[in-house]
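Geometric and topological summary
What follows is the residue order along each chain.
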Amino acid sequence: MFERKIILFLMTVVVTLGSGKPSSGSEELSAKQSAGIEIDSNLKFVSLSLKESIVYALRNNFDIEVSKLNSKISDYDITKEKSRFDPVFKVTGNIQNNETPSTNLLQLGSSTATAIRPYVMDQNSGSAVLQSLVPTGATLYLSYNVARSFYDPSPFQLLNPVYTNYIEAGLTQPLLKGGGWFYNRSLIYIARNNKKISLAQFKSRAITVSGTVQESYWNYIRATENLKVAKKSLERAEDLLRKNRTQVEVGTLAPVDVIDAESGVASRVEFVISAENAIKDQEDELKRIINFADNEIISDATIVPTDKPIFEPKKVELKDTIKTAMENRPELTELQLATENAGMQTRRRKNELYPQLDFTGGIRYTGIGKEVSNANDLVFSESYQGEFLGLTFSIPIGNRPARSEYNKSKLNERQATINFKKKELDVVVEVREAVRQVMTNIERVKATRKARELAIKRLENEENKFSVGRSTSLEILRAQENLALAEFEETRAIIDYEISLGNLERAKGTILDVYDIKLEEETAT
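Residues numbered from 1 in each chain as written. Predicted model: local features only at pLDDT ≥ 70, side-chain atom pairs only at ≥ 80, totals over all residues. Heavy atoms only, no water.

Our next topic: the overall build of the protein chain. When its secondary structure is counted, the protein chain shows 13 helices and eleven strands. The buried share of the protein chain, reckoned over its 525 residues, is 41%. Within the protein chain, residue pairs in contact and separated by at least 24 positions form 78% of the contacts whose partners lie at least 6 positions apart. For the protein chain, the exposed surface amounts to about 28900 Å²; the carbon and sulfur share of it is 54%. (Helix = DSSP H or I, 4+ residues; strand = E, 2+ residues; numbered from the N terminus. Buried < 20%, exposed > 50% of the residue type's maximum accessible area, 1.4 Å probe, protein only. Contact = heavy atoms within 4.5 Å. Areas by Shrake-Rupley, 256 points an atom, 1.4 Å probe, with all protein chains shown as cover.)

Following this line, the structure appears as C-alpha cells:
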C-alpha cells in the first residue's frame, strides 16, 4: 500500500512540476525550464526551490482553481451573446374545422332555402420560417406558407378544396432605437472584456499567491538560519563551560564561573528549542500555502529549501518602477476594462432614449391550385408577385425608464473612472513603499553586518582579557549574547531584503516574470 502511494506521488510530481507543461485545460501554469524536485527515497524530506514552491502552490491553490473556472465561464458568456445572431427555424401548423348554421342564400347556393342549414368551412395551414438577427439590428426572414380551404356547400368556389401557398422574404430594420452595428454587438464586446477581466483577476490572484509563497519561503529559511545561529551560540557557551571546568579543576578559576557558564548554556538550549519550534511553525505555514497538506504522503516530510539568501544590493529607479507597475498590474487592466464596459453601457442606454422607428419591407410570391403541387408551380413561376413597405413609429410619453437607466449608466461610468484613478494612486503609493523598503533593507544589512563584525571583535577582546584574568565569565557570556543578537539581526535584515525584493516585484506586477512562470491562458489569447 505504501509503495503504491509512493508511485502515485512520484507521478504527481513529474506531471505537476517535472515537465512544466499543463496536465489538463488551457489555463494551467507552466515554466519554460523544467523544475525538478529532489525526493528522499523514504520520503523523509522534499527539496524545493522558491520557484518550485510557487509553481506547486499555483497548481494546487483553491482560489486559483476558482479563477480558472471563472475564465471558462466567461467563454460561455461570449458564446451566449453571439448566439443572438444565430438563425432560428420555426414550423407552425393549424387545423380549424367549423360547422355553423346559416340562412345566407349566397353561402348555401340556393334561392329556395326556407330553413336553417349547416355551412362547413375547413381551413388548415402550415408555415416554415427561417429568421435571423443581423448586426445592424434588422430581423431578416424567409417563410413558406401552405393553406388548404374547403367549403360545403361551395356554390361560388372554382376550386374546392383550394390550396393557397406563398413564399415571403422580408426584413424589419430599426432606424433609431435598437438600430446600428454598435448597439447590437455591444453585448459581445462587453462579454469579451469580461473574459479579459476574468484573466486579469486570474493573474492578479496568481501574483498574490506567488508573493505569499515567496514571503513564507523566506520566513522558513529565516527560521532555519536562526536555528543555526542559536546552535552556534550554544556551542560557544558549551566551549566556555568546558574551559571553565578545566580551570576550576586546576585551581585557576573560581567555581562561580562554572555556574555562570552553566547558566549561559541553559539559556542557549532554550533558544535552540524555541528556534526548532519556530522552524516547524514556518514549515507548516509553507505547506499550508502550497497545499502540501492535501497529500498524506508528503504532509509529514520535511521541506528542504534549496535557495539561499544572497545579499546583492540592487539599484532601483523609482520612475521606471512606477511605469512598469502601470503597464503590468492586472488590477489596473481589470478596472480599465470595467471602465470601457461602463462606457459601452452608457452608449447603449443613450440609444434606448430614441423613439422607435422601424422600417418594414419585403416581397411575396403567391400561388393557388387544387393540389399543393399546382399552387407551388404558380409560386415558383413568380407570376404573382407582391411587395410591401411600411414604417412604424412609437414613442413612450415621458420615457422615464429609459432616462433613468441612461442616467444610472452615466453614474456607473463615472464611478468606474474614479475607481481606476484611485487604484492608479494606490499602485503608485504601494510601489513607492516597496522601493523604500528595499532601500531601507539594504542599509539595514550593511549596518547589521558591521554590528556583527564589531560583536565578534568584542568577544575576541573579552576572551583575551579573560585568559589573563582581566575579565569574567559573565562578561564573555554577555559578549556571546551580543554576538548572537547581532547574527540574528543580520539574518533578519538579509531575509527582509529578499522578501522586500519579492514584494517589489509583486507591486510591479512582474513577480511571475521574475520566476519565468507563464500563464498558458494568457499565451493562448
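Next up on the list: the packing of helix H6 (residues 255–289) against helix H11 (residues 473–508). When two helices pack together, their arrangement is given by the angle between their axes and by how far apart the axes lie. In contact at an axis separation of 9 Å, H6 and H11 are set at 20° when each is read in the N-to-C sense. In terms of axis orientation, H6 runs roughly parallel to H11. Crossing handedness for the pair H6 and H11: right-handed. Contacts from Asp257, Asp260, Ala261, Gly264 and Arg268 of H6 reach H11 at Ser473, Leu474, Leu477, Gln480 and Glu481. In terms of residue class, the contact of H6 with H11 is built from three nonpolar, three polar and four charged. (Axes fitted to C-alpha atoms, helices over the stretch in contact; angles between N-to-C directions. Parallel < 35°, antiparallel > 145°, perpendicular 65-115°, else oblique. Left-handed = near helix turned anticlockwise from the far one by under 90°. Nonpolar A, V, L, I, M, F, W, Y, C, P; charged D, E, K, R; others polar.)

Before going further, it helps to spend a moment on helix H3 (residues 62–82). For H3, which comprises 21 residues, the first-to-last C-alpha distance of 31 Å matches the rise-based estimate of 30 Å (1.5 Å per residue) to within 8%. Among all positions of H3, only Ile64, Ser67, Lys68, Ser71, Ser74, Ile78 and Glu81 are buried. Along the axis of H3, the buried positions cluster into a sector of 135°, meaning they face one direction only. Counted as exposed and oriented over 90 degrees from the buried face of H3: Phe62, Tyr76, Thr79 and Lys80. (Expected span 1.5 Å × (residues − 1). Arc of directions from axis to C-beta.)

Moving on: the confidence of the model for the protein chain. Per-residue pLDDT for the protein chain averages 84, and the proportion of residues at 70 or more is 86%. Averaged pLDDT values over the elements of the protein chain bottom out at 36 in helix H1 (residues 2–18) and peak at 96 in helix H8 (residues 330–351). Counting interchain partners and residues more than four positions distant, the pLDDT-below-50 stretch residues 1–36 has 67 contacts. (pLDDT = per-residue confidence, 0-100.)

Here the focus is the nonpolar core. When a protein is soluble and globular, its nonpolar side chains tend to lie buried together. Ranked by internal contacts, the top residues of the largest apolar core, which has 52 residues, are Ile54, Leu58, Val213, Ile290, Leu512 and Ile517. Listed by contribution, the elements that provide at least two residues to this core are strand E3 (45–48), helix H2 (50–60), helix H5 (181–250), H6, helix H10 (400–467), H11, helix H12 (511–514) and strand E11 (517–519). For this core, the leading source of residues is H5, giving 16 residues. Residues Val427, Ala434, Val435 and Leu501 belong to the second largest nonpolar core, which totals 19 residues. (Core = buried A, V, L, I, M, F, W, Y, C linked by side-chain atoms within 4.5 Å.)

It is worth spelling out the pattern of salt bridges at this point. Per the stated rule, a full pass over the model turns up 28 salt bridges. A salt bridge links glutamate 262 to arginine 245; its shortest N-O distance comes to 3.1 Å. Within this pair, whereas glutamate 262 is found in helix H6, its partner arginine 245 is found in helix H5, the two being separated by 17 residues in sequence. A salt bridge links arginine 288 to glutamate 285; its shortest N-O distance comes to 2.7 Å. With arginine 288 and glutamate 285 both in helix H6 and three residues apart, this pair spans about one turn of that helix. Under the relative-accessibility criterion, arginine 288 is labelled exposed at 54%. In this structure, a network of salt bridges that share partners links the residues Arg222, Arg444 and Asp496. (Salt bridge = Lys/Arg side-chain N within 4 Å of Asp/Glu carboxyl O.)

Below, the discussion takes up the pairing of strand E7 (residues 162–174). As paired strands, strand E6 (residues 139–152) and E7 are joined by eleven bridges and run antiparallel to one another. Bridge pairing in E7 links valine 146 to asparagine 165. Bridge count for E7 against strand E9 (residues 356–369) is twelve bridges, and the pairing is antiparallel. Within the sheet, the bridge partner assigned to proline 174 lies in E9 and is aspartate 358. (Pairing = 2+ DSSP bridges.)

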